Amino acid sequence: MSLTNLRHSAYAALEPHAREHHGLSTINKLLVICIVTAAAFAILETEPEMIGGRQSLFRTAELVFGSIFTLEYIVRLWIVPDNPDYARYRFPRLSYAVSFPAIIDLLAIVPTFVTLGATGGGSLLLRFFRVLRILRLAKLGRMSSAWHDLSSAVTERRHELLLTISIAGIVLLIASTLMYWAEAGAQPDKFGSIPRAMWWCIVTLTTVGYGDVYPVTLLGKSLAGLVAIAGIGLIAMPTGILASAFSDVVQRRRAETALAEKSSGKPGTKRA
C-alpha cells in the first residue's frame, strides 16, 4: 500500500465525517475510551488517599495516554491534505495546527511532558498542568455531530448572545450600585463599595444564592427582590436563544441528509 493510500485510510478512520457508514470507526472508539479513562485518572490523581503508594501506576498511565494522544496528533497533522477544509490552503498543515481542534489536541499532550518531568506536586503551576489534562474531554467534540451542531448554533447566534451578555453586565452594574446605596451604611464590610456589592449581585442574578451575603434593610430587601426577578429573566434569555438556534441547526442538517438520500437513492452519509 502506498503512503497516499495509507493516508487516505488513516483519514477515513480518524475523521467521522469522512466515513460512508453511520457511527464511529474502531480507532475512534478506542480513542474515546482512552480520553475518558485518561480524564478519570487525572481526577483520581488529585485525591491523596487514591494516589498514595500508586505513584508509579499513575505515572505509567499518564505516559501511555500521553504517547497515544501524541501519536494521534502527529497522524492528524499527516492526514490534513485529505481534509477538504484545509486542503485549499497553501500550507494546509500549518492552517490546521493553528485551528481550535488542533490546539485542543496540543494542550492535551503538553501536560504529559510537563508533569512527568517535574519533581514534587505542590506548586500552583504544576497543579494547573495536571488539571489541564481534563481538557482532553474536549477532544470528544470531534466525535459527535451534536457537538458540531451546538458549535454552529452558538456561531450563528453569537450577536444575540453577545447582546445578552452586555445586558447582563449593565444590569449587574446597576444592581450593584443600588445595593451599595441601600446597604453600605448597614453593612460596610459587605456592601461598602460597588465592587463588594457585585459579589452579592452576581450570585443572585445567576440564581446561585450562596447566602453568605444578604441585605438587612427594608430598602435593600426590596431592591434585592427586583434583582432576583431580573436574574430569572437573564438566565432565560440565552437559554431560549440557544435552544431555538440548536433546533434550527438540527432541522437543517436533517433536511440536508434527506435531500442527499433522495438524490443518491440510498441512505446518506451521517456522522456519529
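Presented here is an overview of the structure given in this document. (Residues numbered from 1 in each chain as written. Predicted model: local features only at pLDDT ≥ 70, side-chain atom pairs only at ≥ 80, totals over all residues. Heavy atoms only, no water.)

**Comments concerning empty space enclosed by the protein**
With the rule as written, the count across this model stands at 2 cavities of 30 Å³ or more. By volume, the largest cavity amounts to about 50 Å³. Surrounding the largest cavity, Tyr-11, Glu-15, Arg-76, Ile-79, Val-80, Asn-83, Tyr-86 and Tyr-96 form its lining. Here the residues of the lining of the largest cavity sort into 5 nonpolar, 1 polar and 2 charged. By volume, the second largest cavity amounts to about 40 Å³. Taken together, Ala-38, Phe-41, Ala-42, Glu-45, Phe-58, Ala-61, Glu-62, Phe-65 and Arg-133 form the lining of the second largest cavity. Broken down by secondary-structure element, the contributors of at least two residues to the lining of the second largest cavity are α2 (26–44) and α4 (55–78). No other element matches α4, which puts 4 residues into the lining of the second largest cavity. Taken together, the residues of the lining of the second largest cavity sort by class into 6 nonpolar, no polar and 3 charged. (1 Å grid on protein atoms, 1.4 Å probe; cavity = no way out; pocket = protein on both sides within 12 Å on 5 of 7 lines; lining within 4 Å. Points joined across faces, edges and corners; volume = space filled by probe spheres on them. Nonpolar A, V, L, I, M, F, W, Y, C, P; charged D, E, K, R; others polar. Helix = DSSP H or I, 4+ residues; strand = E, 2+ residues; numbered from the N terminus.)

**A look at the pattern of salt bridges**
A side chain of one charge can pair with a side chain of the opposite charge when the charged atoms of the two come close. Here the structure, examined in full by the defined rule, presents 7 salt bridges. The partner of Glu-45 in a salt bridge is Arg-133, and the shortest N-O contact between them spans 2.6 Å. Of this pair, Glu-45 sits in the loop between α2 and α3 (48–51) while Arg-133 is found in the loop between α8 (124–132) and α9 (145–156), placing the two residues 88 residues apart along the sequence. Exposure class is identical for Glu-45 and Arg-133. Each is buried. Ionic pairing is found between Arg-157 and Asp-248, a salt bridge with its closest N-O pair at 2.9 Å. Within this pair, whereas Arg-157 is found in the loop between α9 and α10 (158–183), its partner Asp-248 is found in helix α13 (residues 218–264), the two being separated by 91 residues in sequence. (Salt bridge = Lys/Arg side-chain N within 4 Å of Asp/Glu carboxyl O. Buried < 20%, exposed > 50% of the residue type's maximum accessible area, 1.4 Å probe, protein only.)

**Thoughts on the nonpolar core**
Membership of the largest hydrophobic core comes to 14 residues, with the highest contact counts inside it found for Met-179, Phe-191, Trp-200, Cys-201, Leu-205 and Val-227. Contributing elements (two or more residues each) for this core: α10, α12 (194–205) and α13. The contact partners of Trp-200, leaving out residues within four places of it in the chain, are Met-179, Phe-191, Val-213, Tyr-214, Pro-215, Ala-224 and Val-227. If you look at the next biggest cluster of nonpolar residues, it comprises 8 residues, including Cys-34, Ile-35, Ala-61 and Phe-69. (Core = buried A, V, L, I, M, F, W, Y, C linked by side-chain atoms within 4.5 Å. Contact = heavy atoms within 4.5 Å.)

**Points about a nonpolar patch on the surface**
On the surface, Ile-170, Ile-174, Leu-178, Tyr-180, Trp-181 and Leu-219 cluster together into a nonpolar patch covering about 600 Å² of accessible area. Position of Ile-174 among the secondary structure elements: in helix α10. (Patch = residues over 30% accessible without salt bridge, like charges linked within 9 Å, V, L, I, M, F, W, Y side chains within 5 Å. Areas by Shrake-Rupley, 256 points an atom, 1.4 Å probe, with all protein chains shown as cover.)

**Thoughts on unusual backbone geometry**
At Thr-207, a position not held by glycine, the phi torsion is positive, near 60°. Here Thr-207 lies in the loop between α12 and α13.

**Notes on the packing of aromatic side chains**
Tallying each qualifying case throughout the model produces 5 aromatic pairs. Judged by centre distance (5.7 Å) and plane angle (10°), the ring pair of Trp-199 and Tyr-210 falls under stacked. Note that Trp-199 is positioned in helix α12 and Tyr-210 in the loop between α12 and α13, a separation of 11 residues in sequence. By relative accessible area, Trp-199 is classed as partly exposed at 39%. (Phe/Tyr/Trp six-rings, centres within 6.5 Å; stacked < 30°, edge-to-face > 60°.)

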